Amino acid sequence: MKHILITGGAGFIGSHVVRLFVNRYPHYHIYNLDALTYAGNLENLKDIEHRDNYTFIRGDIKDKAFVDALFKTHHFDGVIHLAAESHVDRSIEDPLIFVKTNILGTIHLLEAFKALWMGSFQGKRFYHISTDEVYGSLGSTGLFIETTAYDPNSPYSASKASSDHFVRAYGETYELPYVLSNCSNNYGPNQFPEKLIPLFINNIINNKPLPVYGDGNYTRDWLYVIDHAKAIDVVFHNGENKETYNIGGCNEWKNIELVRLLCKQMDVKLGRPDGTSEKLITFVKDRPGHDLRYAIDATKIKNELGWEPSVTFEEGLSETIDWYLNNDLWLSHVTSGSYQDYYKKQYN
Ligand code: NAD
Ligand code: DAU
(Lines give C-alpha, C1' and ligand atoms only; values in the text may rest on other atoms or scores of the structure.)
(Ligands and ions follow the chains in the order given, each with its own letter.)
Protein backbone atom coordinates (compact mmCIF):
# COMPACT_ATOMS: atom_id res chain seq x y z
CA MET A 1 0.00 0.00 0.00
CA LYS A 2 1.30 3.44 -0.92
CA HIS A 3 1.08 6.25 1.62
CA ILE A 4 -0.04 9.48 -0.02
CA LEU A 5 -0.17 12.81 1.80
CA ILE A 6 -2.67 15.37 0.50
CA THR A 7 -2.28 18.76 2.17
CA GLY A 8 -5.21 21.19 2.33
CA GLY A 9 -7.64 18.33 1.77
CA ALA A 10 -10.41 19.93 3.81
CA GLY A 11 -10.47 22.96 1.49
CA PHE A 12 -12.33 23.50 -1.76
CA ILE A 13 -10.15 21.78 -4.37
CA GLY A 14 -8.38 19.51 -1.87
CA SER A 15 -11.63 17.89 -0.73
CA HIS A 16 -12.48 16.90 -4.32
CA VAL A 17 -8.97 15.50 -4.79
CA VAL A 18 -9.16 13.52 -1.52
CA ARG A 19 -12.55 12.03 -2.49
CA LEU A 20 -11.32 11.06 -5.97
CA PHE A 21 -8.18 9.37 -4.61
CA VAL A 22 -9.92 7.57 -1.71
CA ASN A 23 -12.57 6.17 -4.09
CA ARG A 24 -10.32 5.41 -7.02
CA TYR A 25 -7.23 4.01 -5.29
CA PRO A 26 -8.16 1.52 -2.54
CA HIS A 27 -4.50 0.39 -2.51
CA TYR A 28 -3.39 3.88 -1.43
CA HIS A 29 -3.74 5.14 2.10
CA ILE A 30 -4.71 8.80 1.85
CA TYR A 31 -3.62 11.10 4.67
CA ASN A 32 -5.34 14.47 4.62
CA LEU A 33 -3.28 17.07 6.49
CA ASP A 34 -5.16 20.30 7.11
CA ALA A 35 -4.98 23.06 9.74
CA LEU A 36 -8.73 23.77 9.38
CA THR A 37 -8.35 27.50 8.87
CA TYR A 38 -11.48 29.51 7.99
CA ALA A 39 -11.31 27.82 4.55
CA GLY A 40 -11.01 24.22 5.75
CA ASN A 41 -14.16 22.31 6.54
CA LEU A 42 -14.50 18.62 7.40
CA GLU A 43 -18.16 18.75 6.36
CA ASN A 44 -16.77 18.67 2.81
CA LEU A 45 -15.70 15.04 3.37
CA LYS A 46 -18.55 13.53 5.40
CA ASP A 47 -19.19 10.86 2.75
CA ILE A 48 -15.69 9.34 2.97
CA GLU A 49 -14.56 10.12 6.52
CA HIS A 50 -14.97 6.52 7.77
CA ARG A 51 -13.25 4.80 4.87
CA ASP A 52 -10.45 2.36 5.76
CA ASN A 53 -7.94 3.95 3.39
CA TYR A 54 -8.44 7.49 4.74
CA THR A 55 -6.99 9.35 7.74
CA PHE A 56 -7.48 12.99 8.66
CA ILE A 57 -4.66 14.74 10.52
CA ARG A 58 -5.17 18.20 11.91
CA GLY A 59 -1.87 20.06 11.70
CA ASP A 60 -0.10 23.13 10.46
CA ILE A 61 2.52 23.12 7.70
CA LYS A 62 4.01 26.26 9.28
CA ASP A 63 5.17 24.06 12.17
CA LYS A 64 8.45 22.50 10.98
CA ALA A 65 8.92 20.13 13.93
CA PHE A 66 5.40 18.78 13.47
CA VAL A 67 5.89 18.26 9.72
CA ASP A 68 9.25 16.49 10.23
CA ALA A 69 7.74 14.14 12.82
CA LEU A 70 4.76 13.39 10.60
CA PHE A 71 6.94 12.32 7.67
CA LYS A 72 9.08 10.17 9.98
CA THR A 73 5.96 8.40 11.26
CA HIS A 74 4.14 7.79 7.99
CA HIS A 75 6.88 7.56 5.31
CA PHE A 76 4.80 9.27 2.62
CA ASP A 77 5.65 7.93 -0.85
CA GLY A 78 3.86 10.80 -2.53
CA VAL A 79 2.77 14.30 -1.59
CA ILE A 80 0.04 16.32 -3.31
CA HIS A 81 0.43 19.79 -1.85
CA LEU A 82 -2.63 22.03 -1.96
CA ALA A 83 -2.60 23.66 1.50
CA ALA A 84 -2.33 27.40 1.09
CA GLU A 85 -3.79 30.75 1.86
CA SER A 86 -5.65 31.17 -1.41
CA HIS A 87 -7.61 34.43 -1.42
CA VAL A 88 -6.12 37.47 -3.20
CA ASP A 89 -8.21 39.99 -1.20
CA ARG A 90 -7.00 38.53 2.11
CA SER A 91 -3.40 38.69 0.85
CA ILE A 92 -3.80 42.42 0.28
CA GLU A 93 -4.94 42.85 3.90
CA ASP A 94 -2.36 40.53 5.50
CA PRO A 95 0.55 39.43 3.25
CA LEU A 96 2.59 37.91 6.08
CA ILE A 97 0.41 34.86 6.64
CA PHE A 98 0.75 34.14 2.90
CA VAL A 99 4.53 34.19 3.23
CA LYS A 100 4.42 31.89 6.24
CA THR A 101 1.95 29.32 4.90
CA ASN A 102 2.62 29.38 1.17
CA ILE A 103 6.39 29.81 1.14
CA LEU A 104 7.67 28.55 4.50
CA GLY A 105 5.03 25.83 4.74
CA THR A 106 6.02 24.51 1.30
CA ILE A 107 9.70 24.53 2.25
CA HIS A 108 8.93 22.56 5.42
CA LEU A 109 7.25 19.88 3.32
CA LEU A 110 10.13 19.82 0.81
CA GLU A 111 12.66 19.52 3.63
CA ALA A 112 10.80 16.68 5.33
CA PHE A 113 10.35 14.82 2.02
CA LYS A 114 14.05 15.30 1.20
CA ALA A 115 15.18 14.15 4.65
CA LEU A 116 13.10 10.99 4.30
CA TRP A 117 14.04 9.89 0.77
CA MET A 118 17.30 11.66 -0.24
CA GLY A 119 19.47 9.08 -2.04
CA SER A 120 16.50 6.76 -2.74
CA PHE A 121 13.93 8.95 -4.52
CA GLN A 122 12.97 6.09 -6.91
CA GLY A 123 9.14 5.79 -7.16
CA LYS A 124 8.57 8.89 -4.99
CA ARG A 125 6.84 12.09 -6.09
CA PHE A 126 6.22 15.61 -4.74
CA TYR A 127 3.37 17.33 -6.59
CA HIS A 128 3.00 21.07 -6.02
CA ILE A 129 -0.34 22.63 -6.96
CA SER A 130 0.03 26.18 -8.19
CA THR A 131 -1.92 28.85 -9.99
CA ASP A 132 -1.98 30.74 -13.29
CA GLU A 133 -1.73 33.98 -11.26
CA VAL A 134 2.06 33.53 -11.04
CA TYR A 135 2.25 34.57 -14.71
CA GLY A 136 0.76 37.99 -13.93
CA SER A 137 -1.75 39.64 -16.21
CA LEU A 138 -2.45 39.20 -19.92
CA GLY A 139 -3.60 42.02 -22.20
CA SER A 140 -6.66 41.46 -24.34
CA THR A 141 -4.93 38.70 -26.39
CA GLY A 142 -2.54 35.79 -25.80
CA LEU A 143 -2.48 32.78 -23.50
CA PHE A 144 -0.24 31.61 -20.65
CA ILE A 145 2.02 28.74 -21.69
CA GLU A 146 4.28 26.74 -19.36
CA THR A 147 7.31 28.86 -20.26
CA THR A 148 5.63 32.25 -19.80
CA ALA A 149 7.85 34.31 -17.48
CA TYR A 150 6.63 34.68 -13.91
CA ASP A 151 5.32 38.19 -13.16
CA PRO A 152 3.12 38.03 -10.04
CA ASN A 153 1.23 41.15 -8.96
CA SER A 154 -0.48 40.32 -5.64
CA PRO A 155 1.03 39.14 -2.37
CA TYR A 156 -0.88 35.88 -2.94
CA SER A 157 0.55 35.27 -6.42
CA ALA A 158 4.03 36.40 -5.30
CA SER A 159 3.92 33.82 -2.48
CA LYS A 160 2.77 31.06 -4.85
CA ALA A 161 5.46 32.05 -7.39
CA SER A 162 8.08 31.87 -4.67
CA SER A 163 6.94 28.42 -3.56
CA ASP A 164 7.03 27.22 -7.20
CA HIS A 165 10.62 28.43 -7.47
CA PHE A 166 11.59 26.55 -4.31
CA VAL A 167 10.03 23.34 -5.63
CA ARG A 168 12.03 23.67 -8.86
CA ALA A 169 15.18 24.54 -6.91
CA TYR A 170 14.85 21.35 -4.81
CA GLY A 171 14.48 19.42 -8.07
CA GLU A 172 17.65 20.92 -9.54
CA THR A 173 19.75 20.98 -6.37
CA TYR A 174 18.76 17.75 -4.64
CA GLU A 175 17.16 15.81 -7.56
CA LEU A 176 13.91 15.81 -5.58
CA PRO A 177 11.32 14.31 -7.96
CA TYR A 178 8.59 16.88 -8.46
CA VAL A 179 5.77 17.81 -10.81
CA LEU A 180 4.01 21.16 -10.83
CA SER A 181 0.77 22.43 -12.30
CA ASN A 182 -0.61 25.92 -12.71
CA CYS A 183 -4.37 26.08 -12.95
CA SER A 184 -6.94 28.74 -13.79
CA ASN A 185 -9.97 29.78 -11.67
CA ASN A 186 -11.92 26.85 -10.23
CA TYR A 187 -15.62 26.85 -9.41
CA GLY A 188 -18.02 24.20 -8.12
CA PRO A 189 -19.44 22.69 -4.92
CA ASN A 190 -17.77 23.38 -1.54
CA GLN A 191 -16.05 26.65 -2.48
CA PHE A 192 -15.87 29.05 0.44
CA PRO A 193 -18.27 31.96 -0.25
CA GLU A 194 -15.62 34.68 -0.32
CA LYS A 195 -14.67 33.86 -3.91
CA LEU A 196 -16.69 35.40 -6.76
CA ILE A 197 -19.14 32.65 -7.76
CA PRO A 198 -20.21 31.27 -4.34
CA LEU A 199 -20.24 34.78 -2.83
CA PHE A 200 -22.63 35.97 -5.50
CA ILE A 201 -24.82 32.83 -5.27
CA ASN A 202 -25.14 33.37 -1.52
CA ASN A 203 -25.89 37.08 -1.95
CA ILE A 204 -28.54 36.41 -4.60
CA ILE A 205 -30.23 33.88 -2.31
CA ASN A 206 -30.26 36.54 0.43
CA ASN A 207 -31.15 39.49 -1.86
CA LYS A 208 -27.89 41.25 -1.00
CA PRO A 209 -25.87 43.53 -3.35
CA LEU A 210 -23.47 41.85 -5.80
CA PRO A 211 -20.20 43.81 -5.39
CA VAL A 212 -18.52 43.86 -8.83
CA TYR A 213 -14.99 45.30 -8.58
CA GLY A 214 -14.20 48.23 -10.90
CA ASP A 215 -16.05 48.14 -14.23
CA GLY A 216 -16.33 44.33 -14.22
CA ASN A 217 -14.30 44.02 -17.43
CA TYR A 218 -11.77 41.63 -15.92
CA THR A 219 -11.44 38.21 -17.52
CA ARG A 220 -10.92 34.83 -15.89
CA ASP A 221 -10.72 31.30 -17.38
CA TRP A 222 -13.11 29.07 -15.37
CA LEU A 223 -12.69 25.33 -14.77
CA TYR A 224 -15.07 22.99 -12.97
CA VAL A 225 -13.35 21.74 -9.81
CA ILE A 226 -13.98 18.04 -10.52
CA ASP A 227 -12.21 18.44 -13.86
CA HIS A 228 -9.27 19.97 -11.98
CA ALA A 229 -9.23 17.02 -9.57
CA LYS A 230 -9.11 14.65 -12.56
CA ALA A 231 -6.23 16.64 -14.06
CA ILE A 232 -4.36 16.37 -10.74
CA ASP A 233 -4.85 12.59 -10.81
CA VAL A 234 -3.44 12.41 -14.34
CA VAL A 235 -0.44 14.68 -13.62
CA PHE A 236 0.38 12.86 -10.36
CA HIS A 237 0.42 9.48 -12.06
CA ASN A 238 1.60 10.22 -15.59
CA GLY A 239 3.32 13.60 -15.53
CA GLU A 240 7.02 13.73 -16.39
CA ASN A 241 9.45 14.39 -13.59
CA LYS A 242 10.47 18.09 -13.28
CA GLU A 243 7.73 19.19 -15.69
CA THR A 244 5.05 21.86 -15.35
CA TYR A 245 1.55 21.49 -16.77
CA ASN A 246 -0.89 24.34 -17.33
CA ILE A 247 -4.49 23.40 -16.57
CA GLY A 248 -7.39 25.53 -17.76
CA GLY A 249 -11.00 25.50 -18.83
CA CYS A 250 -10.59 27.12 -22.27
CA ASN A 251 -13.51 29.12 -20.94
CA GLU A 252 -12.94 32.85 -20.65
CA TRP A 253 -15.56 35.15 -19.16
CA LYS A 254 -15.56 38.82 -18.33
CA ASN A 255 -16.69 39.09 -14.73
CA ILE A 256 -19.73 41.21 -15.57
CA GLU A 257 -20.90 38.77 -18.26
CA LEU A 258 -20.42 35.81 -15.93
CA VAL A 259 -22.40 37.60 -13.22
CA ARG A 260 -25.25 38.31 -15.67
CA LEU A 261 -25.37 34.61 -16.68
CA LEU A 262 -25.37 33.62 -13.00
CA CYS A 263 -28.21 36.06 -12.29
CA LYS A 264 -30.29 34.60 -15.15
CA GLN A 265 -29.80 31.00 -13.97
CA MET A 266 -30.53 31.95 -10.36
CA ASP A 267 -33.79 33.72 -11.32
CA VAL A 268 -34.99 30.55 -13.07
CA LYS A 269 -33.98 28.26 -10.20
CA LEU A 270 -35.45 30.52 -7.52
CA GLY A 271 -38.65 31.10 -9.53
CA ARG A 272 -38.07 34.86 -9.57
CA PRO A 273 -38.99 37.08 -12.56
CA ASP A 274 -36.19 37.42 -15.14
CA GLY A 275 -34.03 40.46 -14.26
CA THR A 276 -34.62 40.34 -10.48
CA SER A 277 -31.07 39.28 -9.53
CA GLU A 278 -29.38 41.60 -12.05
CA LYS A 279 -30.80 44.54 -10.12
CA LEU A 280 -28.52 43.54 -7.24
CA ILE A 281 -25.35 44.25 -9.28
CA THR A 282 -23.39 47.07 -7.61
CA PHE A 283 -20.08 48.40 -8.94
CA VAL A 284 -17.65 48.91 -6.05
CA LYS A 285 -14.08 50.10 -5.52
CA ASP A 286 -11.60 48.07 -7.57
CA ARG A 287 -9.16 45.52 -6.12
CA PRO A 288 -5.66 47.10 -5.90
CA GLY A 289 -3.31 45.63 -8.52
CA HIS A 290 -6.26 43.82 -10.14
CA ASP A 291 -5.00 41.55 -12.96
CA LEU A 292 -6.90 42.29 -16.18
CA ARG A 293 -7.00 38.86 -17.75
CA TYR A 294 -5.93 35.26 -17.19
CA ALA A 295 -6.20 32.58 -19.88
CA ILE A 296 -4.49 29.21 -20.08
CA ASP A 297 -3.16 27.32 -23.06
CA ALA A 298 -3.72 23.71 -21.94
CA THR A 299 -2.32 22.10 -25.10
CA LYS A 300 0.55 20.38 -23.29
CA ILE A 301 -1.57 18.45 -20.79
CA LYS A 302 -4.02 17.55 -23.57
CA ASN A 303 -1.38 16.31 -26.01
CA GLU A 304 0.96 14.63 -23.53
CA LEU A 305 -1.43 13.30 -20.87
CA GLY A 306 -4.79 13.18 -22.67
CA TRP A 307 -6.63 15.42 -20.21
CA GLU A 308 -9.21 17.99 -21.20
CA PRO A 309 -12.21 19.56 -19.44
CA SER A 310 -15.35 17.40 -19.58
CA VAL A 311 -17.99 19.75 -18.16
CA THR A 312 -19.34 22.77 -20.09
CA PHE A 313 -19.61 26.03 -18.19
CA GLU A 314 -23.41 26.16 -18.43
CA GLU A 315 -23.68 22.61 -16.99
CA GLY A 316 -21.04 23.23 -14.32
CA LEU A 317 -22.57 26.51 -13.23
CA SER A 318 -26.04 24.98 -13.07
CA GLU A 319 -24.75 22.05 -10.97
CA THR A 320 -22.89 24.48 -8.72
CA ILE A 321 -25.98 26.61 -8.09
CA ASP A 322 -28.03 23.47 -7.37
CA TRP A 323 -25.39 22.31 -4.89
CA TYR A 324 -25.52 25.59 -2.93
CA LEU A 325 -29.34 25.62 -3.00
CA ASN A 326 -29.45 22.03 -1.70
CA ASN A 327 -26.77 22.58 0.96
CA ASP A 328 -28.15 25.53 2.88
CA LEU A 329 -26.92 24.03 6.16
CA TRP A 330 -23.32 23.92 4.86
CA LEU A 331 -23.71 27.51 3.69
CA SER A 332 -25.18 28.72 6.97
CA HIS A 333 -22.40 26.99 8.98
CA VAL A 334 -19.59 28.61 6.99
CA THR A 335 -21.19 32.06 6.82
CA SER A 336 -21.79 32.42 10.55
CA GLY A 337 -19.23 33.90 12.96
CA SER A 338 -15.97 35.22 11.55
CA TYR A 339 -17.34 35.33 7.98
CA GLN A 340 -19.54 38.26 8.99
CA ASP A 341 -16.54 40.21 10.33
CA TYR A 342 -14.57 39.61 7.13
CA TYR A 343 -17.56 40.65 5.00
CA LYS A 344 -18.07 43.93 6.85
CA LYS A 345 -14.39 44.83 6.61
CA GLN A 346 -14.10 43.97 2.90
CA TYR A 347 -17.31 45.48 1.56
CA ASN A 348 -18.25 48.38 3.83
P1 NAD B 1 -8.91 26.82 -0.01
O2 NAD B 1 -8.55 28.14 0.60
O3 NAD B 1 -10.32 26.48 -0.25
O4 NAD B 1 -8.29 25.64 0.88
C5 NAD B 1 -7.01 25.71 1.44
C6 NAD B 1 -6.91 24.62 2.49
O7 NAD B 1 -5.61 24.68 3.07
C8 NAD B 1 -7.91 24.80 3.66
O9 NAD B 1 -8.53 23.57 3.96
C10 NAD B 1 -7.04 25.27 4.81
O11 NAD B 1 -7.55 24.88 6.09
C12 NAD B 1 -5.72 24.61 4.48
N13 NAD B 1 -4.59 25.33 5.09
C14 NAD B 1 -4.35 26.66 5.04
N15 NAD B 1 -3.24 26.95 5.75
C16 NAD B 1 -2.77 25.79 6.22
C17 NAD B 1 -1.65 25.43 7.03
N18 NAD B 1 -0.81 26.37 7.48
N19 NAD B 1 -1.43 24.14 7.32
C20 NAD B 1 -2.28 23.18 6.87
N21 NAD B 1 -3.37 23.45 6.14
C22 NAD B 1 -3.62 24.75 5.81
O23 NAD B 1 -8.04 26.76 -1.34
P24 NAD B 1 -8.40 26.12 -2.75
O25 NAD B 1 -9.15 27.10 -3.56
O26 NAD B 1 -8.96 24.76 -2.55
O27 NAD B 1 -6.93 26.01 -3.37
C28 NAD B 1 -6.12 24.87 -3.11
C29 NAD B 1 -4.79 25.05 -3.81
O30 NAD B 1 -4.99 25.21 -5.20
C31 NAD B 1 -4.00 26.28 -3.34
O32 NAD B 1 -2.65 25.94 -3.29
C33 NAD B 1 -4.26 27.31 -4.43
O34 NAD B 1 -3.19 28.21 -4.53
C35 NAD B 1 -4.39 26.43 -5.65
N36 NAD B 1 -5.25 26.94 -6.73
C37 NAD B 1 -6.52 27.37 -6.47
C38 NAD B 1 -7.33 27.79 -7.52
C39 NAD B 1 -8.75 28.25 -7.30
O40 NAD B 1 -9.37 28.75 -8.24
N41 NAD B 1 -9.33 28.09 -6.14
C42 NAD B 1 -6.83 27.79 -8.83
C43 NAD B 1 -5.51 27.37 -9.05
C44 NAD B 1 -4.73 26.92 -7.99
O1 DAU C 1 -6.60 32.09 -11.28
C2 DAU C 1 -6.53 31.18 -10.23
C3 DAU C 1 -6.88 31.87 -8.93
O4 DAU C 1 -8.28 32.10 -8.97
C5 DAU C 1 -6.49 31.06 -7.69
O6 DAU C 1 -5.10 30.94 -7.64
C7 DAU C 1 -7.00 31.74 -6.42
O8 DAU C 1 -6.74 30.92 -5.30
C9 DAU C 1 -8.50 31.93 -6.56
O10 DAU C 1 -8.98 32.63 -5.44
C11 DAU C 1 -8.83 32.71 -7.83
O12 DAU C 1 -8.35 34.09 -7.74
P13 DAU C 1 -9.22 35.32 -8.25
O14 DAU C 1 -8.73 36.54 -7.58
O15 DAU C 1 -9.30 35.34 -9.74
O16 DAU C 1 -10.68 34.85 -7.70
P17 DAU C 1 -11.86 35.64 -7.00
O18 DAU C 1 -13.03 34.72 -6.94
O19 DAU C 1 -11.43 36.31 -5.75
O20 DAU C 1 -12.17 36.78 -8.07
C21 DAU C 1 -12.55 36.47 -9.41
C22 DAU C 1 -12.75 37.78 -10.15
O23 DAU C 1 -13.92 38.43 -9.61
C24 DAU C 1 -11.61 38.77 -9.97
O25 DAU C 1 -11.45 39.51 -11.18
C26 DAU C 1 -12.09 39.70 -8.87
C27 DAU C 1 -13.60 39.72 -9.08
N28 DAU C 1 -14.41 39.91 -7.86
C29 DAU C 1 -14.18 39.09 -6.80
C30 DAU C 1 -14.90 39.23 -5.62
C31 DAU C 1 -14.64 38.34 -4.43
C32 DAU C 1 -15.39 40.89 -7.80
O33 DAU C 1 -15.61 41.63 -8.79
N34 DAU C 1 -16.11 41.03 -6.65
C35 DAU C 1 -15.89 40.26 -5.54
O36 DAU C 1 -16.57 40.48 -4.51
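Let me begin by describing the structure that accompanies this report. Please read these numbers as outputs of a predicted model, since none were measured by experiment.

### Focus: the pairing of strand β1 (residues 2-7)
Part 1: Here β1 pairs with strand β2 (residues 28-34) via 6 bridges, running parallel. Counterpart to I6 in the pairing with β2 is N32.
Part 2: Across 4 bridges, the pairing between β1 and strand β4 (residues 78-81) is parallel. Considered in β4, the bridge of I6 is made with I80.

### What to know about the nonpolar core
Part 1: Counting 34 residues, the largest nonpolar core has I6, F21, I30, I80 and Y127 as its most contacted members.
Part 2: Where this core is concerned, the elements lending two or more residues are β1, α1 (12-24), β2, β5 (125-131), β6 (178-183), α7 (225-238), β10 (244-247) and α9 (299-305).
Part 3: Residues in contact with F21, not counting those within four places in the same chain, are I6, Y28, I30, I80, D233, F236 and H237.
Part 4: If you look at the next biggest cluster of nonpolar residues, it comprises 31 residues, including Y187, W222, L331 and Y339.

### A short note on the site of ligand 2
Part 1: In the neighbourhood of ligand 2, 26 residues make up the surrounding shell, with T131, D132, Y156, R287 and Y347 lying closest.
Part 2: Within the backbone of P211, an N or O atom sits 2.8 Å from a nitrogen atom of ligand 2.
Part 3: With respect to ligand 2, the side chain of R287 contributes an N or O atom lying 2.6 Å from an oxygen atom.
Part 4: Isolated, ligand 2 exposes 690 Å² of accessible area, and the fraction of that covered by the protein chains is 95%.
Part 5: Sorting the residues of the shell around ligand 2 by element identifies α3 (88-93), α6 (196-205) and β8 (210-213) as the ones contributing at least two each.
Part 6: Partitioned by chemical class, the residues of the shell around ligand 2 number 12 nonpolar, 7 polar and 7 charged.

### A word on the side chain of D297
Part 1: Take D297: it is sitting in the loop between β12 (281-284) and α9.
Part 2: Comment: no salt bridge for buried D297; closest opposite-charge side chain is K302, at 9.3 Å.
Part 3: In this structure the side chain of D297 is engaged in a polar contact, spanning 2.3 Å, whose partner is the side chain of T299.

### Re the pattern of salt bridges
Charged atoms that come close allow side chains of opposite charge to pair.
Part 1: The tally for this structure, following the rule as stated, stands at 18 salt bridges.
Part 2: For the salt bridge of K302 with E308, the shortest nitrogen-to-oxygen distance reads 3.8 Å.
Part 3: Overall, the relative accessible area of 43% leaves K302 in the partly exposed class.
Part 4: Relative accessible area serves as the criterion here: at 46%, E308 is assigned to the partly exposed category.
Part 5: Each of E172, E175 and K242 takes part in one network of salt bridges that share partners.

### With respect to the state of the cysteines
Part 1: Summed over the entire model, instances satisfying the criterion amount to 0 disulfides.
Part 2: Free of any disulfide, C183 has its nearest neighbouring cysteine sulfur in C250, separated by 13 Å.
Part 3: Overall, C183 belongs to the buried group, its relative accessible area being 4%.

### A look at the packing of helix α8 (residues 255-270) against helix α10 (residues 313-326)
Part 1: Where α8 contacts α10, the axes come no closer than 11 Å and their chain directions differ by 55°. One way to sum up the angle between α8 and α10 is to call them oblique. Viewed along their axes, α8 and α10 form a crossing whose handedness is right-handed. Of the residues in α10, those touching α8 at L258, L261, L262, Q265, M266, K269 and L270 are F313, E314, L317, S318, I321, D322 and L325.
Part 2: Here the contact of α8 with α10 is built from residues that sort into 9 nonpolar, 2 polar and 3 charged.

### Section: the site of ligand 1
Part 1: Taken together, the neighbourhood of ligand 1 is formed by 29 residues, with D34, D60, S86, Y156 and K160 sitting nearest.
Part 2: At a separation of 3.0 Å, an oxygen atom of ligand 1 approaches a polar backbone atom of G11.
Part 3: Protein chains bury 96% of the 840 Å² of accessible surface belonging to ligand 1 in isolation.
Part 4: At the level of elements, α1, β5, α5 (155-174) and β7 (185-187) are the ones that each hand at least two residues to the shell around ligand 1.
Part 5: In terms of residues, the shell around ligand 1 owes the most to one element, β5, which gives 3 residues.
Part 6: Across the shell around ligand 1, the residue classes tally to 13 nonpolar, 12 polar and 4 charged.

### Some points on the environment of F313
Part 1: Following the sequence through the fold, F313 ends up in helix α10.
Part 2: Between the C-alpha atoms of F313 and E252, which are 61 residues apart in sequence, the distance is 9.9 Å.
Part 3: Not counting the four nearest positions on each side in its chain, F313 is found in contact with Y187, I197, W222, N251, W253, L258 and L261.

### Focus on unusual backbone geometry
Part 1: For L36, which is not glycine, the phi dihedral falls at a positive 55°.
Part 2: Its place among the elements puts L36 in the loop between β2 and β3 (54-58).
Part 3: For E175, which is not glycine, the phi dihedral falls at a positive 60°.
Part 4: Inspection of the secondary structure puts E175 in the loop between α5 and β6.

What counts and how
As a convention, each chain's residues are numbered from 1 in the sequence order in which they are written. All chains are assigned letters beginning at A, and all ligands numbers beginning at 1, according to the order in which they are written. This being a predicted model, a pLDDT of at least 70 is required before a residue's local features are given, and a value of 80 or more before pairs of side-chain atoms are given or counted; all residues contribute to the totals for chains, interfaces and linings. No hydrogens and no water enter the side-chain calculation; it runs on all heavy atoms of the structure. In this description, strands pair whenever DSSP reports at least two bridges between them. We count a stretch as a helix when DSSP gives it H or I for four or more residues in a row; a strand needs E for two or more, and each element gets its number in order from the N terminus. We define the nonpolar core as a collection of buried residues of types Ala, Val, Leu, Ile, Met, Phe, Trp, Tyr and Cys that are connected through side-chain atoms lying within 4.5 Å of one another. The buried label goes to any residue with under 20% of its type's maximum accessible area, the exposed label to any with over 50%, and the partly exposed label to all in between, with areas taken from a 1.4 Å probe on protein chains only. Between two residues, a contact is recorded if the distance between any of their heavy atoms is within 4.5 Å. The criterion for a residue being near a molecule or strand is simple. One of its heavy atoms has to lie within 4 Å of it. For this analysis, a polar contact is any N or O atom pair within 3.5 Å, provided that within protein one partner can donate a hydrogen and the other can accept it, and provided that sequence-adjacent residues contribute only side-chain to side-chain pairs. For the accessible areas, the method is Shrake-Rupley and the probe is 1.4 Å, while residue cover comes only from the protein chains on display. Under this grouping Gly is polar, as are all residues other than the nonpolar Ala, Val, Leu, Ile, Met, Phe, Trp, Tyr, Cys and Pro and the charged Asp, Glu, Lys and Arg. In summary, the charge assignment counts Lys and Arg as positive and Asp and Glu as negative, without counting His or the chain termini. Salt bridge, as applied in this entry: a Lys or Arg side-chain nitrogen positioned within 4 Å of an Asp or Glu carboxyl oxygen. When two cysteine sulfur atoms lie within 2.5 Å, the pair is treated as a disulfide. Only the stretch in contact is used when fitting a helix axis, every axis being a line fitted to C-alpha atoms; angles between N-to-C directions are given from 0 to 180 degrees. Note on terminology: angles under 35 degrees are roughly parallel, angles over 145 are roughly antiparallel, angles of 65 to 115 are roughly perpendicular, and the others are oblique. Should the near helix be turned counterclockwise from the far one by less than a right angle, the crossing is left-handed, whereas a clockwise turn marks it as right-handed.

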